[in-house]
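The chain contents come next:
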Amino acid sequence: MNNNYVIGADIGGSHITAALVDLANGAVVDESKYKEPVNAGAGAEDILSRWTAAIEHVLSAANKEVAAIGIAMPGPFDYPGGISLIKGVAKYESLYGLNIRTALEASLQFEKGIYFENDASCFALGEAWAGEGAGCSRMVAVTLGTGLGGTFLRDNIIVHEGKGVPPEGYIYHLPYRSGIAEDYISSRWLLNEYQQRTGQRLSEVKSIGELAEKEDATALALFTELGHALGEVLSPWLRDFEAERLVIGGNIRKAHPYFLPALQASLRKNSIQTSVHISGRGENSALSGAAWLCKSILGHDNNNAR
């Protein structure tokens, strides 16, 4: 092992995954991957100890010979400063105001550099580097899950403003129908709508996907509506940004056979030429993207991830 590797970590609402990533090509070293369960409602000490345990496991396996650590972190978060601003979202609230970088540097005894970026943005960077967006100069990545994540990339650089880029580069809060986009394009919407239409409460979107596979009419209708809504929300931005590719990730992507036709029909209706790609890398894209952040900051190329 040498400094041609970094550790990429992906922090979710119930776990942290860490792995070695090759700086040469963005490949995740699968045998190094380690996942640690985390209770997002626990105290700060417990959460940080579990994050430390996962990263330390990979760090030790590499004899600490890694160039840096990159972390895909949900927001709100002060990414350059390393300070958690998560509050009012029922997860990781005990970390509010804490300098996570300082805490991890101390617990890991690691001084080479720990860097943070938004988890949806890391997914986008990973796809642009080693996934469906490779070789593409203008890409939009969307994550469909509990919420609606979106990132605009130009030449593998995150774009937060400019022509075709919504305010701050986010799409979840774009006005749509009687609310915002995330109100109609998320697992929350799917589960709530299924209950309202059938009276049956399901605990996860996977169940709605299984019902769609069995040709359940309500499940099929919901995915069609979600695909149509996603196309309506994205069309003006894809057009103005001149996006070459739209890459879709997140857990809902697994149900793409049921929402993709409606999405593509909506884009065609709006004369959008952007090609649509479904990510096949899962969380490996977030891990690669966290590594790309390190690669950029460490000067392995001329880009800057922020």
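Residues numbered from 1 in each chain as written. Predicted model: local features only at pLDDT ≥ 70, side-chain atom pairs only at ≥ 80, totals over all residues. Heavy atoms only, no water.

Peer 1: Looking at this structure, I do not really get the sheet that holds strand β8 (residues 138-144). What am I missing?
Peer 2: The pairing of strands in a sheet happens through backbone hydrogen bonds and is either parallel or antiparallel. Pairing in this open sheet of five strands is mixed, and the strands run β10-β9-β8-β13-β14 from one edge to the other. Of all the strands in the sheet, the pair left with one neighbour each is β10 (157-158) and β14 (275-278). Pairing analysis gives five bridges linking β8 to strand β13 (residues 245-249), with the strands arranged parallel. In the sheet register, V140 faces β13, and the bridge partner there is L246. This element, helix α6 (residues 217-241), spans β8, β9 (148-154) and β13 of the sheet and lies at about 155° to β8. Contacts from helix α7 (residues 256-269) reach β8, β13 and β14 within the one sheet, and its direction differs from that of β14 by about 165°. (Pairing = 2+ DSSP bridges. Helix = DSSP H or I, 4+ residues; strand = E, 2+ residues; numbered from the N terminus. Contact = heavy atoms within 4.5 Å. Axes fitted to C-alpha atoms, helices over the stretch in contact; angles between N-to-C directions.)

Peer 1: For this particular structure, what's the right way to read the packing of helix α4 (residues 187-198) against helix α5 (residues 205-213)?
Peer 2: In helix packing, the relevant descriptors are the interaxial angle and the interaxial distance, both defined with respect to the helix axes. The interhelical angle for the contact between α4 and α5, taken along N-to-C directions, is 60°, at an axis separation of 9 Å. Read as a crossing pair, α4 and α5 show a hand that is left-handed. Contact residues: α4 offers S187, L190, L191 and Y194, while α5 offers V205, I208 and L211. Of the residues belonging to the contact of α4 with α5, the class tally is six nonpolar, one polar and no charged. (Left-handed = near helix turned anticlockwise from the far one by under 90°. Nonpolar A, V, L, I, M, F, W, Y, C, P; charged D, E, K, R; others polar.)

Peer 1: Help me understand the sheet that holds strand β4 (residues 69-73) in this model?
Peer 2: The five strands are arranged β3-β2-β1-β4-β7 in an open sheet whose pairing can be described as mixed. Each having just a single partner strand, β3 (34-37) and β7 (114-118) make up the two edges of the open sheet. On average, adjacent strands in this sheet sit at an angle of 20° to one another, irrespective of strand direction. Alignment of strand β2 (residues 15-22) against β3, held across four bridges, turns out to be antiparallel. Looking at the pairing, H15 lines up with P37 of β3.

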